[in-house]
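Structure assessment
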Amino acid sequence: MAGENLASVNSALSTFFAPDLYKQWNRTALLTSMLAARQATSAGGGKSVNFVVEFSGNQAATVAEGSDVASTEFASDENVPAVLPWAHYRTAFQISETEYAAALSSGGTPDALRRLFDDRVMGGGARLMNTIERDLLIGTGVDSLGNPTLVGLYNGALVNSGSYAGISTASYPEWASNILGNGGVGRALTSDLLAQADAEIFAGSSEPWNLAMTTAQITRKFEGLFTSATVPMIRMNDNPSDPKYGLGNALDPQAQPTGLYYKGQPLIRNQMNPAGKLLLLNTRKIEIKYLPHPISPDDAAYSQIVEGEGSNGFGTIQATKIPIRIAMLAKTGESYKVMMTVTLQSCVTRPNASALISDVLES
């Protein structure tokens, strides 16, 4: 008999896989994870996302000593309703009974794959939050099929003309955001451009923005603004007790840290950010409103509420505060059908407290 090697018996040997399941997808929900998420309505207000804003209307002036109040002096600030439609997001999966049983009882299988249902829930939740993240940035309010979407920061929520949430910026100029474009012509990122955006936020709201967000390439350009070969002006504070600048925050997988700051506020990169654009955001004036789902006795045993997550596939999770409904659909054969759904809308409650810079060169 001839000498043997591994190939001689390879087909008869068992195959055992490593316990980890190495996902290759990139489904982040970075900004979504940073925003507050709240039930949108009080009793009786569930038909849409509704909030009230107040614009300047009162007045003050010098008057003559002892004079009476003229009728023209009576004025008050104006309260105006802002209304946005609900957007419905859904993902679904189907697992056969045989597939589920085989995965659960298969030796040498990655642990996550043996827990097949949990893995599919995680993947579906990450896809759902990633889709929401996309529309939070670039949603136009309606998709190609006419279904409502989130009104994105880049495509309708931050505007300096037209309207948002049913309120016209022409009628109420205080409702306009701070938009710094260049007529579609690319220009280099400069410190003066950033300073102009900061100054316009201050002029419009006197409130400090707290987060800068852009693409990875513009982040690289930003770093070059304040760094030279001889004078590196950017540093990472390694104090782990510092809640903003500490090393603990730098190592936080949710933070997408760059070690870069502008006027004391962090600059983050978001892979969902559209090219050529940068935001200075006041996240205290942006929130996610969601419609809670009442669990009926009929589906209580088959439904649960979980918080959505985004992920880059393995090890990095952006946990959001948005509850996702997981429902088992009617069983019509030898398979499990599962729907994951959420009804929500994004709200910018003070557009003039943020700024959008566009037409920035990526290279």
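All of these numbers come straight from a predicted model, not from anything done at the bench.

**Side note on the overall build of the chain**
The secondary structure content of the chain amounts to 9 helices and 18 strands. Buried positions account for 41% of the 363 residues belonging to the chain. Taking contacts inside the chain between residues at least 6 apart in sequence as the whole, the part at least 24 apart equals 72%. When the accessible surface of the chain is totalled, it reaches about 19,400 Å², and 52% of it is carbon and sulfur.

**Overview of the pattern of salt bridges**
For the structure shown, the criterion picks out 7 salt bridges. A salt bridge links E97 to K331, with the shortest nitrogen-to-oxygen separation between them at 2.5 Å. Residue E97 is found in helix α3 (residues 97–105), and its partner K331 is found in the loop between β16 (317–328) and β17 (335–348); the two are separated by 234 residues along the sequence. Residue class for E97 comes out partly exposed when judged on its relative accessible area of 29%. Note on K331: relative accessible area 44%, which makes it partly exposed. Residue R350 is joined to E207 by a salt bridge in which the shortest nitrogen-to-oxygen separation is 2.9 Å. In this pair, R350 is assigned in the loop between β17 and β18 (355–357) and E207 in the loop between α7 (191–205) and β10 (211–214), connecting sequence segments 143 residues apart. By relative accessible area, which is 27% here, R350 ends up partly exposed. The class of E207 is partly exposed, set by a relative accessible area of 22%.

**Quick word on the sheet that holds strand β13 (residues 278–281)**
Reading across the sheet, the 6 strands line up as β9-β18-β13-β10-β12-β11 and stay open at both edges, with mixed pairing between neighbours. Here the strands that pair on one side only, and so sit at the sheet edges, are β9 (178–180) and β11 (261–262). Looking at chain direction, β9 and β18 are connected through 3 bridges and run parallel. The residue bridging I179 from the neighbouring strand is L356, located in β18. Lying over the sheet, α7 contacts β9, β11, β13 and β18, oriented at roughly 160 degrees with respect to β9. Strand contacts of helix α8 (residues 216–225): β10, β11, β12 (265–269) and β13, with the helix running at about 140 degrees to β12, the strand carrying the most contacts.

**Focus on the packing of α3 against helix α5 (residues 116–138)**
It is at 9 Å that the axes of α3 and α5 come closest, and there the two elements cross at 110 degrees. Relative to α5, α3 is oriented roughly perpendicular. Here E99, Y100 and A103 of α3 come into contact with α5, specifically with L116, F117 and R120. Classifying every residue of the contact of α3 with α5 gives 4 nonpolar, no polar and 2 charged.

**Looking at the pairing of strand β14 (residues 286–290)**
Across the 5 residues of β14, 5 count as buried, placing the element largely inside the fold. Bridge count for strand β1 (residues 36–39) against β14 is 4 bridges, and the pairing is parallel. Each bridged residue has a counterpart across the sheet, and for R38 the counterpart in β14 is K289. In terms of strand pairing, β14 meets β17 through 5 bridges, oriented antiparallel. Of the residues in β17, the one forming a bridge with E287 is C347.

**Here's the deal with the environment of S96**
Following the sequence through the fold, S96 ends up in strand β4 (residues 87–96). On the accessibility criterion, S96 (28% relative accessible area) is partly exposed. With 240 residues separating them in the primary sequence, S96 and Y336 have C-alpha atoms 6.0 Å apart. Residues within four places of S96 in sequence aside, it is in contact with E334 and S335.

**A short note on the packing of aromatic side chains**
Applying the stated criterion across every chain, the model contains 7 aromatic pairs. Aromatic side chains F55 and W175 sit 5.9 Å apart centroid to centroid with 85 degrees between the ring planes, which places their arrangement in the edge-to-face category. With a gap of 120 residues between them, F55 in strand β2 (residues 49–55) and W175 in the loop between β8 (167–168) and β9 connect regions that are remote in the sequence. By relative accessible area, F55 is classed as buried at 5%. Using a relative accessible area of 2% as the deciding quantity, one classes W175 as buried. Their ring planes at 65 degrees and their centres at 5.8 Å tell us that F93 and F117 sit as a pair that is edge-to-face. Here the residue F93 occupies a position in strand β4, and F117 occupies one in helix α5, the gap between them amounting to 24 residues. Residue classification places F93 among the buried residues on the basis of a relative accessible area of 15%. Across the ring face of Y336, the terminal group of K331 is positioned such that the distance to the ring centre comes to 5.4 Å.

Reading the values: rules and limits
Residues numbered from 1 in each chain as written. Predicted model: local features only at pLDDT ≥ 70, side-chain atom pairs only at ≥ 80, totals over all residues. Heavy atoms only, no water. Helix = DSSP H or I, 4+ residues; strand = E, 2+ residues; numbered from the N terminus. Buried < 20%, exposed > 50% of the residue type's maximum accessible area, 1.4 Å probe, protein only. Contact = heavy atoms within 4.5 Å. Areas by Shrake-Rupley, 256 points an atom, 1.4 Å probe, with all protein chains shown as cover. Salt bridge = Lys/Arg side-chain N within 4 Å of Asp/Glu carboxyl O. Pairing = 2+ DSSP bridges. Axes fitted to C-alpha atoms, helices over the stretch in contact; angles between N-to-C directions. Parallel < 35°, antiparallel > 145°, perpendicular 65-115°, else oblique. Nonpolar A, V, L, I, M, F, W, Y, C, P; charged D, E, K, R; others polar. Phe/Tyr/Trp six-rings, centres within 6.5 Å; stacked < 30°, edge-to-face > 60°. Lys NZ or Arg CZ within 6 Å of the ring centre and 35° of its normal.

Nothing here speaks to function; it is all geometry.
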